[in-house]
Amino acid sequence: MTNTAPSLSDRSVAYGRMADALSHLGDTWRDWPDLAECARAVGLSPHHFQREFTRWAGISPKQYQAALAHAEAGDLLRQGASLLDASYETGLSGPSRLHDLFIAHEGLTPGEAKTGGQGADLVMGEAETPFGTAILVISPRGLCGLGFADDGADAKSGFEHPGYGKQAVKEDFASRYPNASIKEDNNEAARWATRIFEGTEPVPVALYGTPFRRQIWRALLDIPPGETRTYGEVAAAAGQPKAARAAGTAIGANTISWLIPCHRALASDGRLHNYHWGVARKRAMLTFERAHAA
């Protein structure tokens, strides 16, 4: 049987248009725009838009629109997958990817962290993913950085900033390991991206943090795919109910996005703002997870 599943490169190209589509649907769902209007907003024919949106997200534009019509965005996020499971009961496609179950943690030592990676040999590279271009940083112990780049978005702009350009992401990662030897290798990055986004084998993660930060990151892993929690709820789940602000700082310090799912955390007002890799990408990640949740 011929494998017709889209490649990571194809899905990366589709991500840009689908992120715009999710934003458009989120802004206009009360007016119930038809398929032609949604397609026109992202520069595609209705047929192509319907096919590409469904292929990328696993749900149709109409089903996504219907879910938004049942609740305001904040309520939708707070209720998470339970509401969407009911709305999308006949629209799901593809198996659930509970990638969090396959993550193996192997932390950097305090000494390695304090010396800025002195003596460490790291690989940095670009790879295409379902959420656009990713920048990966890999050590002999495992993945130590996973971020996303958006051309033309080098500067943060308020709470709902669009993300960062490739060079800005690379410089940010390099600044965390100023004494390490860093080699660029896009082929190696692509192999790891395939392992992360398509594979089912464990992905070793080399991530150093204080005991408190590790508690917060573990609490993020306990949030079911597609669901969200506020910083306060994450702090409480980590056994630190009065540390909501510190939890937010710990979540922001996570260098391995998607696998350590900081996109599932919200500020106290329940909005999507202030995600390091761009609000559109956070919305896309949550939508993708809800569509594929078991």
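Residues numbered from 1 in each chain as written. Predicted model: local features only at pLDDT ≥ 70, side-chain atom pairs only at ≥ 80, totals over all residues. Heavy atoms only, no water.

The name an unreviewed UniProt entry assigns to the protein is methylated-DNA--[protein]-cysteine S-methyltransferase, from the organism Henriciella algicola. Looking at the protein in UniProt, the text filed under Sequence similarities (unreviewed entry) is "Belongs to the MGMT family." (UniProt positions renumbered as here; feature names shortened; annotations may be inferred.)

(A) Layout of the overall build of the protein. Helix and strand counts for the protein stand at 13 helices and eight strands. Evaluated residue by residue, the protein yields a buried proportion of 50% over its 294 residues. Taking the intrachain contacts of the protein between residues at least 6 apart in sequence as the baseline, contacts between residues at least 24 apart amount to 70%. As displayed, the protein offers around 13,700 Å² of accessible surface, 51% of which is attributable to carbon and sulfur atoms. (Helix = DSSP H or I, 4+ residues; strand = E, 2+ residues; numbered from the N terminus. Buried < 20%, exposed > 50% of the residue type's maximum accessible area, 1.4 Å probe, protein only. Contact = heavy atoms within 4.5 Å. Areas by Shrake-Rupley, 256 points an atom, 1.4 Å probe, with all protein chains shown as cover.)

(B) Seen up close, unusual backbone geometry. Unlike most non-glycine residues, W258 shows phi in positive territory, near 70 degrees. Note that W258 resides in the loop between α12 (244–252) and β8 (265–266). You can call W258 buried: its relative accessible area is 5%.

(C) Structural context of the environment of P261. Residue placement: P261 occurs in the loop between α12 and β8. Counting along the chain gives 25 residues from P261 to L286, while the straight-line C-alpha distance between them is 10.0 Å.

(D) Helix α9 (residues 186–197), seen in detail. Over its twelve residues, α9 extends 16 Å from the first C-alpha to the last, a length consistent with the 16 Å expected when each residue adds 1.5 Å. Looking only at α9, the buried set comprises A189, W192, A193, I196 and F197. Buried residues along α9 cover an arc of 115 degrees about the axis, so they all sit on one side. Opposite the packed face of α9, turned more than 90 degrees from it, sit the exposed residues N187 and R191. (Expected span 1.5 Å × (residues − 1). Arc of directions from axis to C-beta.)

(E) Representation of the side chain of T255 in the model. Here T255 is to be found in the loop between α12 and β8. Residue T255 is classed as buried on the basis of its relative accessible area, which comes to 9%. A polar side-chain atom of T255 sits 3.1 Å from the main-chain carbonyl oxygen of C144. The residues touching T255, leaving out its near neighbours within four places in the chain, are C144, G145, L146, F173, R176 and L207. (Polar contact = N/O pair within 3.5 Å; in protein donor to acceptor, adjacent residues only side chain to side chain.)

(F) Up close: helix α8 (residues 166–176). Of the positions making up α8, those classed as buried are V169, K170 and F173. For α8, the angular spread of buried residues about the axis comes to 95 degrees, placing them on one side. Looking at the packing, one finds that the buried side of α8 touches β2 (121–129), β3 (132–139), β4 (142–148) and β5 (181–184).

(G) Layout of the nonpolar core. Core analysis: the biggest nonpolar cluster contains 66 residues, and F49, F131, L136, L143, I196, L220 and W258 have the highest contact counts within it. It is helix α1 (residues 8–28) that provides the largest number of residues to this core, a total of seven residues. Excluding residues within four positions of it along the chain, L220 makes contact with V234, I251, I260, P261, C262, R264 and A265. (Core = buried A, V, L, I, M, F, W, Y, C linked by side-chain atoms within 4.5 Å.)

(H) Main features of the confidence of the model for the protein. Looking at the protein, pLDDT values average 75 and 70% of them are 70 or higher. Segment residues 153–160: pLDDT under 50, and 19 contacts once partners within four positions in sequence are set aside and those in other chains are kept. (pLDDT = per-residue confidence, 0-100.)

(I) Structural context of the pattern of salt bridges. By the definition in use, this model includes eight salt bridges. The salt bridge partner of D150 is R281, with a shortest N-O separation of 2.8 Å. Here R281 lies in helix α13 (residues 279–292) and D150 lies in the loop between β4 and α8, a separation of 131 residues in the sequence. For the pair D150 and R281, one class covers both residues: buried. As a salt-bridge pair, E184 and K170 come within 3.4 Å of each other at their nearest N and O atoms. Pair noted here: E184 is in strand β5 and K170 is in helix α8, with a separation of 14 residues, a long-range link. (Salt bridge = Lys/Arg side-chain N within 4 Å of Asp/Glu carboxyl O.)

(J) Examining the packing of aromatic side chains more closely. Evaluated as defined, the whole model comprises nine aromatic pairs. When the ring of F173 is compared with that of W277, the centres are 6.4 Å apart and the planes differ by 35 degrees; the resulting orientation is tilted. In this pair, F173 is assigned in helix α8 and W277 in the loop between β8 and α13, connecting sequence segments 104 residues apart. With relative accessibility at 6%, the residue W277 sits in the buried group. Taken together, F131, F148, F197, W258 and F288 form an aromatic cluster joined through their ring pairs. Above the ring of W192, the side-chain terminus of R195 is found at 4.9 Å from the ring centroid. (Phe/Tyr/Trp six-rings, centres within 6.5 Å; stacked < 30°, edge-to-face > 60°. Lys NZ or Arg CZ within 6 Å of the ring centre and 35° of its normal.)

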